[in-house]
Amino acid sequence: MSEFLIDQKDSLPWGSHHFSVEIQEDNVVLQFKYRLLVFITVVTGLLMWTYSLISLFLIEVPDLARIGVVCSVAHAFSPLLYRVTRSMKLAAYLMVTAGIIFQFSFSYFTGGFYSTTLVWFAILPMIVGLLTNRMHATIWTLISASAYVFMFWLQHSKLVPESALNDMGQTIAQFLIGLGLISLVGGFTLFFLDLSYFYHKKATAESPTQA
């Protein structure tokens, strides 16, 4: 049983920021994160444009289609923003801010608190966390939770209109949620496994030599 015991001197203390703050990211990790940014932009961009088309043709709410187009265009500029500013935080925030505005708006007009589109709120902290660090992941966890609770309050206060989504739109939206979640979570998992390898190598290189 001794092989299953963890040596206390080799364990990290609770609350350690070892992997998200103390390790300085080199060019290899930044390039890897940029590829992840492009991957997320492409996959979520396809989803957002599809939702925008649903808003345009299957929902009789012109303002929702306009919001969808504006948010989708802003979302698409995330990789370019990183190229210009070299700030992954700005690029990530542009992406998820555009996403949550459209997700909230789409949910508001398609069932409110009972809209299945609200599940996309759960992806936003993951996106920010993978691209930046856990402080920003924590911030977006609070933002996403607050938006979810706000939608519940709107529903409870009877301030949400009847769903404007027809049967065809509901079917397509549900299909996008399932396929989109599988694609994103699967892709995130693969990227995270590789990213953890880079962090492990750098943490090992920066660790002081044990006597």
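Here, residues in each chain are numbered from 1, in the same order as that chain's written sequence. Thresholds applied to this predicted model are a pLDDT of at least 70 for local features of residues and 80 or more for the giving and counting of side-chain atom pairs; totals over whole chains, interfaces and linings are not thresholded and use all residues. Derived side-chain values reflect all non-hydrogen atoms in the structure, with water molecules and hydrogen atoms excluded from consideration.

Q: Describe the pattern of salt bridges, with residues and values.
A: Just to be clear on terms, a salt bridge is a Lys or Arg side-chain nitrogen sitting within 4 Å of an Asp or Glu carboxyl oxygen. One pass over the structure, following the stated rule, counts one salt bridge. Residue Arg66 is joined to Asp63 by a salt bridge in which the shortest nitrogen-to-oxygen separation is 2.6 Å. Of this pair, Arg66 and Asp63 both sit in helix α3 (residues 62-76), three residues apart, which is roughly one turn of that helix. Residue burial is assigned from relative accessible area. The probe radius is 1.4 Å, only protein chains are included, and a residue is buried under 20% of its type maximum, exposed over 50%, and partly exposed in between. Taking relative accessible area as the criterion, Arg66 reaches 51% and is therefore assigned exposed. We classify Asp63 as partly exposed; its relative accessible area is 47%. Going along the chain from the N terminus, every DSSP run of H or I of four or more residues is numbered as a helix, and every run of E of two or more is numbered as a strand.

Q: Any details on the packing of α3 against helix α5 (residues 88-109)? Residues and values, ideally.
A: Whenever a helix is involved, its axis is fitted only over the stretch in contact; in every case the axis is a line through C-alpha atoms, and angles between N-to-C directions fall within 0 to 180 degrees. Where α3 contacts α5, the axes come no closer than 8 Å and their chain directions differ by 165°. What the angle tells us is that α3 and α5 run roughly antiparallel. Handedness of the crossing formed by α3 with α5: left-handed. In contact with Leu64, Ile67, Gly68, Cys71, Ala74 and His75 of α3, α5 contributes Leu94, Met95, Ala98, Ile101, Phe102, Ser105, Phe106 and Phe109. Each angle receives one of four descriptions, namely roughly parallel if under 35 degrees, roughly antiparallel if over 145, roughly perpendicular if within 65 to 115, and oblique otherwise. Crossing handedness is defined as follows: a turn of the near helix away from the far one that is anticlockwise and smaller than a right angle gives a left-handed crossing, while the clockwise case is right-handed. Two residues qualify as a contact provided that any one of their heavy atoms is within 4.5 Å of a heavy atom in the partner residue.

Q: Got a sec to walk through the packing of aromatic side chains? Specific residues and values, please.
A: Classification of ring pairs uses Phe, Tyr and Trp, with its six-membered ring standing for Trp, and accepts pairs whose centres are within 6.5 Å; under 30 degrees between planes counts as stacked, over 60 as edge-to-face, and the remaining range as tilted. Within the structure shown, the criterion is met by ten aromatic pairs. Here the aromatic cluster, defined as three or more aromatic residues joined through ring pairs, consists of Phe113, Tyr114, Tyr148 and Phe152. Above the ring of Tyr34, the side-chain terminus of Arg83 is found at 4.4 Å from the ring centroid. Remark: a charge is flagged as sitting over a ring if the NZ atom of Lys or the CZ atom of Arg is within 6 Å of the ring centre and within 35 degrees of the ring normal.

Q: Give a description of a nonpolar patch on the surface that names residues and reports values.
A: Together, Trp49, Val69, Val73, Phe77, Leu80 and Val84 give the surface a local cluster of nonpolar side chains, amounting to about 540 Å² of exposed area. Those elements that place two or more of their residues in the nonpolar patch are α3 and α4 (78-85). Secondary-structure assignment places Phe77 in the loop between α3 and α4. By relative accessible area, Phe77 is classed as partly exposed at 45%. A patch consists of residues whose relative accessible area exceeds 30% and which take part in no salt bridge; residues with like charges are grouped when within 9 Å of each other, and nonpolar side chains (Val, Leu, Ile, Met, Phe, Trp, Tyr) when within 5 Å. Only the protein chains shown count as covering a residue, and every accessible area follows the Shrake-Rupley method with a 1.4 Å probe.

Q: Please set out the environment of Leu37 residue by residue, giving values where relevant.
A: Looking at the element boundaries, Leu37 is found in helix α2 (residues 27-57). With relative accessibility at 0%, the residue Leu37 sits in the buried group. For the pair Leu37 and Leu131, spaced 94 residues apart in the sequence, the C-alpha separation amounts to 7.2 Å. Not counting chain neighbours up to four residues away, the residues in contact with Leu37 comprise Ser78, Pro79, Tyr82, Met88, Ala91, Met95 and Leu131.

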